[in-house]
Amino acid sequence: KNGESRVGTKRLGLSPSEVMEYLRQGLQEGQYFVNPSGLPVFVFDDECRFKDPTNDVVGLSRYQKALGILFDESKSKVKLESIEVVEGEQKIKARYLLGGTLKLPWRPCVPEYGGVVTYTLSDETGLVVSQDQEWTISAAEALRETFTPCRALS
């Protein structure tokens, strides 16, 4: 079943396992944390809340814009370690590693860090209504890294 939205056609009524597979593809092949075009928008509610230790954004299109100005996708990578449906809940949990270069003028490097992302699905539509990330680095460390330029490899 499909539904229309501001950001395109949505895949409504998918099982958590089906949504998980689209998220797996989006993270693994699409690299969507560093490449906004890899985001599987058809499984996200337009008013989804995207939260991490440094940001709290409501709205799919706002999140896509934020992703687009953050990482240099050619010099950044997401490594998906695991993804699973949380048994008995409308949630999916994934573990990943992420690192790369930011698009700021001084091209700061973000050393690889670990993260856990929890996706909460709507009971009515099956769409992702919340994406909540926790990191192995603190918000202060993440902010400090935005001021650390990459050193040229010799």
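Structure: above.
Model, not experiment: these values are computed from the prediction.

Asker: Residues and numbers for the overall build of the chain, please.
Answerer: Within the chain, the secondary structure is distributed over 3 helices and 8 strands. Secondary structure of the chain in N-to-C order comes out as β-β-α-β-β-α-β-β-β-β-α. Against the 2.2 N^0.38 benchmark of 15 Å for 154 residues, the chain shows a C-alpha radius of gyration of 16 Å, consistent with a compact globule. Along the longest, intermediate and shortest principal axes, the C-alpha atoms of the chain span 55 × 30 × 25 Å. Of the contacts formed within the chain by residues at least 6 apart in sequence, a portion of 55% connects residues at least 24 apart. Accessible surface computed for the chain: about 8,500 Å², of which carbon and sulfur atoms make up 52%. Within the chain, the 22 negative side-chain charges are centred at a point lying 6 Å from the centre of the 19 positive side-chain charges.

Asker: Provide a residue-level description of the pairing of strand E7 (residues 109–121), including the pertinent values.
Answerer: Side-chain positions along a regular strand alternate between the two faces of the sheet. With 10 bridges joining them, strand E6 (residues 91–101) and E7 adopt antiparallel strand pairing. Opposite Ile92, over in E7, you have Tyr119 as the bridge partner. Between the end of E7 and the start of strand E8 (residues 128–135), which pair antiparallel, lie 6 residues, with Gly126 showing a positive phi angle near 80°.

Asker: So, the environment of Val34: which residues are in play, and what are the values?
Answerer: Within the fold, Val34 resides in the loop between helix H1 (16–28) and strand E3 (44–52). Val34 gets classed as buried once you look at its relative accessible area, which sits at 1%. Residues Val34 and Phe71, spaced 37 residues apart in sequence, show a C-alpha to C-alpha distance of 5.2 Å. Beyond its immediate chain neighbours, meaning those up to four positions away, Val34 contacts Phe71, Glu73, Ser76, Lys77, Val78 and Leu98.

Asker: Pulling in residues and values, what's your account of helix H2 (residues 60–68)?
Answerer: When we look at burial in H2, the residues that qualify are Leu60, Tyr63 and Leu67. The buried residues of H2 occupy one face: seen down the axis, they fall within an arc of 60°. Projecting away from the buried face of H2 at angles above 90 degrees are the exposed residues Arg62 and Lys65. Here the buried face of H2 lies against strand E2 (10–11), E3, strand E4 (55–58) and E8.

Rules and cut-offs
Residues numbered from 1 in each chain as written. Predicted model: local features only at pLDDT ≥ 70, side-chain atom pairs only at ≥ 80, totals over all residues. Heavy atoms only, no water. Helix = DSSP H or I, 4+ residues; strand = E, 2+ residues; numbered from the N terminus. Rg over C-alpha atoms; globule rule 2.2 N^0.38 Å. Contact = heavy atoms within 4.5 Å. Areas by Shrake-Rupley, 256 points an atom, 1.4 Å probe, with all protein chains shown as cover. Lys, Arg positive; Asp, Glu negative; His and termini not counted. Charge placed at Lys NZ, Arg CZ, Asp CG, Glu CD. Pairing = 2+ DSSP bridges. Buried < 20%, exposed > 50% of the residue type's maximum accessible area, 1.4 Å probe, protein only. Arc of directions from axis to C-beta.

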